[in-house]
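Chain by chain, the residues:
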Amino acid sequence: MKKPLLILLILFLSYPTTNAQNCASLEEWNTIISAEFPKVDTYHIRSGSVVSNRILYNLYSDKYFVPFAGKPYDKISTNAGKSISKKLKKCRAKKKYQSLKNIGWLSMFGVEPLTNPRITENVKAQSTEVNKIRAEYNQLLSLFTSGGVTFNELTKYKNMAKTRFVWLMPSEVENYLNVISESENKIANTTLLSLANELTQKNANLLIISNIENFESNNRSIYAAASPHIKKEVAEILKKDKITKLEMLVKNEQKKLNQISSSDKNINTINNYYKSFDGSFSRYRQYNFVKNHFEAIKIKKTDIVTAMSSKIGLTILSQNELSKLKNINTTYLSNVTENSPVITVLKKQLTTKENSIKQAQKIAAEKALAQKRAAEQIFTIAENKRQQTINNHKNRVVQLRKELRVEHGSNLPKFEALHVMLFYYLKLVKDNKMYKVKDAEFFIRHVENTGYMREETGTISPFENFYNRSGFKIRASSIVGRTFASIELTIPNASKKMIELYSKELVSEFRNIDKTIMTPSIMPTAKDNYILSGGTQYSLKVDAKGTLILEAMENRELAFPMLADKLQVDTWSVSSLKTVTDVAVKKGQEVTITASGKVKVGDFMGSVSPAGISGYGAFSIDKRYNHGALMARIGSGSWTYIGTRKTFTANKSGILYFKINDKFPDNNEGEFKVKYFLK
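Residues numbered from 1 in each chain as written. Predicted model: local features only at pLDDT ≥ 70, side-chain atom pairs only at ≥ 80, totals over all residues. Heavy atoms only, no water.

Draft legend 1. Expanded view of the packing of aromatic side chains. Taken as a whole, this structure holds 30 aromatic pairs when the rule is applied. Relative to Tyr424, the ring of Phe423 lies with its centre 5.5 Å away and its plane at 65°, an arrangement referred to as edge-to-face. Residue Phe423 is classed as partly exposed on the basis of its relative accessible area of 46%. One aromatic cluster is present, built from ring pairs that chain together Tyr273, Tyr274, Phe277, Phe281, Tyr284 and Phe294. Over the ring of Phe294 we find Arg285; its NZ or CZ atom is 3.6 Å from the centre of that ring. Across the ring face of Phe379, the terminal group of Arg386 is positioned such that the distance to the ring centre comes to 5.3 Å. (Phe/Tyr/Trp six-rings, centres within 6.5 Å; stacked < 30°, edge-to-face > 60°. Buried < 20%, exposed > 50% of the residue type's maximum accessible area, 1.4 Å probe, protein only. Lys NZ or Arg CZ within 6 Å of the ring centre and 35° of its normal.)

Draft legend 2. A look at the pattern of salt bridges. For the coordinates displayed, the defined rule picks out 25 salt bridges. Residue Asp570 is joined to Lys372 by a salt bridge in which the shortest nitrogen-to-oxygen separation is 3.3 Å. Within this pair, whereas Asp570 is found in the loop between β9 (565-568) and β10 (571-574), its partner Lys372 is found in helix α19 (residues 341-408), the two being separated by 198 residues in sequence. A salt bridge links Arg454 to Glu464, with the nearest nitrogen and oxygen atoms 2.7 Å apart. Of this pair, Arg454 sits in strand β1 (residues 453-454) while Glu464 is found in strand β2 (residues 463-467), placing the two residues 10 residues apart along the sequence. Of the two residues, Arg454 and Glu464, neither departs from the other in class, the shared state being buried. Residues joined in a network through salt bridges with shared partners are Lys63, Arg134 and Glu172. (Salt bridge = Lys/Arg side-chain N within 4 Å of Asp/Glu carboxyl O. Helix = DSSP H or I, 4+ residues; strand = E, 2+ residues; numbered from the N terminus.)

Draft legend 3. Just the side chain of Glu184, in detail. Tracing the backbone shows Glu184 in helix α10 (residues 170-200). What Glu184 contacts, discounting residues up to four positions off in sequence, is Phe151, Leu154, Lys158 and Ala225. (Contact = heavy atoms within 4.5 Å.)

Draft legend 4. Inspection of the packing of α10 against helix α14 (residues 228-258) at higher detail. Closest axis-to-axis distance for the α10/α14 pair is 10 Å, and the angle between their directions is 5°. Between α10 and α14, the interaxial angle falls into the category roughly parallel. Contacts between α10 and α14 pair Asn189, Leu192, Leu193, Ala196, Asn197, Leu199 and Thr200 from the former with Ile230, Lys231, Glu233, Val234, Ile237, Leu238, Asp241 and Lys245 from the latter. Its residues assigned to classes, the contact of α10 with α14 comprises eight nonpolar, three polar and four charged. (Axes fitted to C-alpha atoms, helices over the stretch in contact; angles between N-to-C directions. Parallel < 35°, antiparallel > 145°, perpendicular 65-115°, else oblique. Nonpolar A, V, L, I, M, F, W, Y, C, P; charged D, E, K, R; others polar.)

Draft legend 5. Quick look at the nonpolar core. Among the nonpolar cores identified, the biggest contains 65 residues, and Leu59, Tyr60, Trp105, Phe144, Tyr176 and Val234 are the most heavily contacted of them. In terms of residues, this core owes the most to one element, α10, which gives 10 residues. Apart from residues lying up to four places away in sequence, Tyr60 is in contact with Trp29, Phe65, Tyr73, Gly110, Val111, Glu112, Pro113, Leu114, Val123 and Ser127. Listed in part, the 39 residues of the second largest apolar core include Leu400, Leu404, Val447 and Ile474. (Core = buried A, V, L, I, M, F, W, Y, C linked by side-chain atoms within 4.5 Å.)

Following this line, the structure appears as structure tokens:
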């Protein structure tokens, strides 16, 4: 009976002491939280949040839980956990602990893993992971202290403070970074010296010298962490090694130079050698040994040139082109000793010959300019005369039309009126498709309003005839598939006045397709075709019976090549349809072309300059160039992009052609003003 009573007495006496010890542990946890997370208000953090979980998993890790409970968390049984939790919750009722900053979080969430089986397993797993992370953390700290890590590895480990070790307590992360910072300087100093000394052991070549020059930039992060005295020491090591290696390389170059003899056969050899050495060592001219070697090359080349000076002098005298003199200067008189008497004489000969050629070119240019101005003046005078003739013709046409209208009582349509009829007719026969009845009615009404009545009735046919009371006929015709359509005005027994009227109207309003300028003084023949914009061609002929036949024919498919309009002796008006010039270019001539103006390319793309616009390759003749851009070619050669200005050398002889880079020119409007110069 005494033994059980003794046990009960011991338990009774020990209870307050155990309870007090657990409350003290709770107070210690509160102190840890306040120290590690001073700015965190645990009354307002949500359970399961990152901060809450970080505190919880650390408190239940071995570092903080073993001092609290005497054993690891995963060794605590369910009953023991409930017992500890119950005792800790009683601590909150004590006045001493009610004022603890984190008592609310601790009593609600901090002890929950001891009693709540729903979160027990998760906290065990997460706290075990924190134990592993801390073990790795301690292992790395030992590694840093021992110096068994490279600078690059240290940089990698440093990043772990923001990744792997972010779940540890803030003081641990701070300590980790401090240890790394202390190790970083030490390892950076050692690494920098090691890398520099390693570079000095490399064989001398330009790549290694480049590595020496870029050593700091290639190791910027190590330099940033190294001590100033180490950086200075490394700089001295590399500077000395760079000069040593350069001296070795230049000595090798001296051997190469000594192998080149002073024979005139070696002029190309010495030039190539100079070019090679200059490309490799020109940036090191501040060193005397490099500068001296440049002088040695010049002396060697001077000896070679001296040996062939007579030949060079004769070559200079025989030249008539500045480009060839420039080649002579580059080949023989560059990179030589300037105070050499032979070099001085040759340079004087070259300068004299150069001035002679320039003077001859100046005289030739002045002569060409005078000829150009004279040609321009002649062109302008002829143009003024042409314009006067055109004005006279137009006045005469107005007078004749009045007289003939009175004489015949009939309307005499203008060529432009035939063009308008053709425009409306094409809507009906376009691509052999169905037409709208209202379009047909409009076409018929338009023609009949001129005094010509339709002969046929019903649907529009490939041949439509309209007559007036004088027997004049307007005929609209088209070929199946619409490869050709025209409007024809036939006047039987045409009087001389009628022939004069239409002849002068034709030559004063339109240009002969075979001419580059209007020819109002030359009356049309049956074989002549005339154009305005190029979409329609006009003709006039009188048959053996005296019938006058006028025709406006469609040129939509560009069946006929068309010359551009010449505006001046060197200037053309180039449109999408008028692209051919009469300029003959010889192979080897330098061609300079400038262009300005605007051309509307289609209904949606708007107007473009000669430079064209990007995109729309599917609509371009040459997809390499901007859509709508001005192009040129010689003869049947390939197209060259011109844009607003281009200079090129003709690779063949032929006529100069222009082109606007658009596959579908029929709906384009406008022209480019194009100027050319041949040299």
